[in-house]
Amino acid sequence: MELKLKTCTVRPWRRGDEESLVANADNYRIWRNVRDKFPHPYTIENARDWIGLAGQEMPPSNFAIVVDWQAVGGIGLIFRDDINRCRAEIGYWLGEAYWGRGIVTEAVRAVTSWAFANYDLASIYAGVLEWNPASMRVLEKAGYKFEARLRKAMIKEGVVMDELIYSVTREEAEFYGG
């Protein structure tokens, strides 16, 4: 999978992305808005491990966001199973130097569209920490709608907070041109 977009390219992680990955991922302001399993500090060993892991996924579900031939962020899907197998979760991050350019919004739209075209999904959702309004705006611009507030559902840096759920259905994504 390779999606060539106006602001970036979304493609699989590959060997050679390690240095750019570390340069962009080793940032407290990114780490505070993602899951705790995202390392901080982010080391070259973490980058090697991640690229190796992402390369073994079947189906592939984690991708690099590339700007000027450098991997400057990541976007991925977590496919649910059992009775939730018609739904996937989307997650993303972008190096701080690239914030505010519409890159993530475009990548979210493109990966959402790609996922609906390639998998039998009814909806895709994202969970956002309540202190991250920038991520909420990304999702809204990408056609996702606010679905729910899960009260006291997440903890980050010792702070228990609400998780805001945004989602888009297959039909909405087609309507919005997702």
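This is a predicted model, so every value here is computed, not measured. (Residues numbered from 1 in each chain as written. Predicted model: local features only at pLDDT ≥ 70, side-chain atom pairs only at ≥ 80, totals over all residues. Heavy atoms only, no water.)

K.L.:
Sorry if this is basic, but what is going on with the sheet that holds strand β2 (residues 9-12) here?
P.N.:
Pairing between the strands of a sheet is mediated by backbone hydrogen bonds and can be parallel or antiparallel. Overall, mixed pairing links the eight strands, which are arranged β1-β2-β3-β4-β5-β6-β8-β7 in an open sheet. Among the strands making up the open sheet, the edge pair consists of β1 (3-4) and β7 (145-156). Bridge count for strand β4 (residues 70-79) against strand β5 (residues 87-94) is seven bridges, and the pairing is antiparallel. Considered in β5, the bridge of Phe79 is made with Ala88. Most of the contacts of helix α1 (residues 18-25) go to β4, to which it runs at about 85°, and overall it touches β4 and β5. (Pairing = 2+ DSSP bridges. Helix = DSSP H or I, 4+ residues; strand = E, 2+ residues; numbered from the N terminus. Contact = heavy atoms within 4.5 Å. Axes fitted to C-alpha atoms, helices over the stretch in contact; angles between N-to-C directions.)

K.L.:
What is the right way to look at the pairing of β7 in this model?
P.N.:
As a general feature of sheets, a regular strand has side chains that alternate between the two faces. As paired strands, β7 and strand β8 (residues 159-169) are joined by eight bridges and run antiparallel to one another. When the bridges of β8 are listed, Phe146 appears paired with Tyr166. Between β7 and β8, which pair antiparallel one after the other, the connecting turn spans two residues, and Glu157 there sits at a positive phi close to 55°.

K.L.:
Would you take a moment to explain helix α5 (residues 133-141) for this structure?
P.N.:
Two residues of an α-helix separated by three or four positions point the same way, owing to the 3.6 residues in each turn. Here α5 has its buried residues at Ser135, Met136, Val138 and Leu139. Buried residues of α5 fall within an arc of 155° about the axis and therefore sit on the same side. Here the buried face of α5 lies against β5, α4 (103-118), β6 (123-129) and β8. Just downstream of α5, Gly143 is the residue with a positive phi angle, here 95°. (Buried < 20%, exposed > 50% of the residue type's maximum accessible area, 1.4 Å probe, protein only. Arc of directions from axis to C-beta.)

K.L.:
In this structure, what is going on with the packing of α4 against α5? I would like to understand it.
P.N.:
The relative placement of two packed helices comes down to the angle between their axes together with the axis-to-axis distance. Between α4 and α5, whose axes approach to 9 Å, the crossing angle comes to 50°. With respect to α5, the axis of α4 lies oblique. In this structure, the crossing between α4 and α5 has a hand that is right-handed. Of the residues in α5, those in contact with Val104, Thr105, Val108 and Arg109 of α4 are Val138, Leu139 and Lys141. Its residues assigned to classes, the contact of α4 with α5 comprises four nonpolar, one polar and two charged. (Parallel < 35°, antiparallel > 145°, perpendicular 65-115°, else oblique. Left-handed = near helix turned anticlockwise from the far one by under 90°. Nonpolar A, V, L, I, M, F, W, Y, C, P; charged D, E, K, R; others polar.)

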